[in-house]
Structures are given as C-alpha cells and as structure tokens.
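Commentary on secondary and tertiary structure
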Amino acid sequence: TVLAELDVVAALEMTTGDAIMDAKIRALNNLHAQKVRALMKSVNTLKDQLSLMKAQNKEHRRSSLIGGLRDKVREQELIVDVLKSELNSRGRMAPDEVNQFIIKRTLGGPKRFRPKSREELQNELISLEKKFRKLMEKNKTMALSLAE
C-alpha cells in the first residue's frame, strides 16, 4: 500500500493531463496487483489447510476402520472359544482333538507358508507342558535316588 500511495502522490504532483492519467492508471494497476497477490496468498493458505484437514480425516477414518476390524476379530475369537469350551464340557472331544478338528477344517487347499494358528500353538503348548511335567518327575526321582 505504501508503493500505491507513492504512485498516487507522484501522479497528483504531475502537471500535464496525459501524464497525470498515466500515473493514476499505473498507481491503480499497482494497487490491484497487490490486492491480487494478497488474495492469492490467502487462497493458497486455505488450500494448504484444506489438504491438511483432508489427510487428517482420512487417517481418522482408517484408524476407526482398523479399530472396528479388531473388535470383530476379538468377537469371533470369543465365539470360537465358547464353542470349543462347549465341545470340551460335554465330553465329546478333548481339547487337542477340538484343535486338530479346527486345524483340519481351516487348512484345506495347497500347502504354503503360513504362521501357526492359535489351535496349533495351543496343541504345542499342551505337549510341551506334558514333557515338562515328565521331566520334572524324572528330575525328582533322580534327586531322590542320588540322595539315598
């Protein structure tokens, strides 16, 4: 605005009619250019803010979708656990038999690399616990025989 005021002051000081009109036009053009620059700067600032808000909204939706999927998985695991415990409590199948049944039903198709399922890990845990108990009993008997 200082530049525009200087141009206006310079235009008013000129004495010839054409020169005064040219100076006034130049001053108005400079003022117009400054306003356009200011408006473009504010438009660019608002565009940046808009893109930032869109990105935040997208991330929020993605986070809520992941949370919803986690809830569904937790709910399905609970249903599976209830069904497994029901089969065990009625005495129809032992826990490892239930796990083997689930493994057999879910692993149809071609063999490929995959992580172990929950049921496979549970079966492994049961067998390792049995081995541990046997080793502890063997350790106790050996300790007693050495003490005698």
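Below: a short report on this structure. (Residues numbered from 1 in each chain as written. Predicted model: local features only at pLDDT ≥ 70, side-chain atom pairs only at ≥ 80, totals over all residues. Heavy atoms only, no water.)

1. Topic: the packing of helix 3 (residues 95–106) against helix 4 (residues 118–147)
Two elements in contact, helix 3 and helix 4, have axes whose closest approach is 9 Å; the angle formed by their N-to-C orientations is 150°. As the angle between them shows, helix 3 and helix 4 are arranged roughly antiparallel. For the pair helix 3 and helix 4, the crossing hand works out as left-handed. In this structure, helix 3 contributes P95, D96, N99, Q100, I102 and I103 to the contact, and helix 4 contributes E119, E120, Q122 and N123. When its residues are assigned to classes, the contact of helix 3 with helix 4 shows three nonpolar, four polar and three charged. (Axes fitted to C-alpha atoms, helices over the stretch in contact; angles between N-to-C directions. Helix = DSSP H or I, 4+ residues; strand = E, 2+ residues; numbered from the N terminus. Parallel < 35°, antiparallel > 145°, perpendicular 65-115°, else oblique. Left-handed = near helix turned anticlockwise from the far one by under 90°. Contact = heavy atoms within 4.5 Å. Nonpolar A, V, L, I, M, F, W, Y, C, P; charged D, E, K, R; others polar.)

2. What about the side chain of K84?
Looking at where K84 falls in the secondary structure, it is placed in helix 2 (residues 17–89). Since its relative accessible area comes to 9%, K84 is described here as buried. (Buried < 20%, exposed > 50% of the residue type's maximum accessible area, 1.4 Å probe, protein only.)

3. What about the pattern of salt bridges?
Tallied over the full model, the rule gives six salt bridges. With a closest N to O distance of 4.0 Å, R118 and E77 form a salt bridge. Of the two residues, R118 sits in helix 4 while E77 sits in helix 2, which places them 41 residues apart along the sequence. According to the relative accessible area criterion, R118 is partly exposed, its value standing at 29%. Judged by its relative accessible area of 34%, E77 is partly exposed. Linking E119 and K84 is a salt bridge whose minimum nitrogen-to-oxygen distance equals 3.6 Å. One end of the pair, E119, is in helix 4; the other, K84, is in helix 2, with 35 residues separating them in the sequence. On the basis of relative accessible area, E119 is assigned to the buried category, the value being 9%. Taken together, the salt bridges that share partners define one network made up of E77, D81 and R118. (Salt bridge = Lys/Arg side-chain N within 4 Å of Asp/Glu carboxyl O.)

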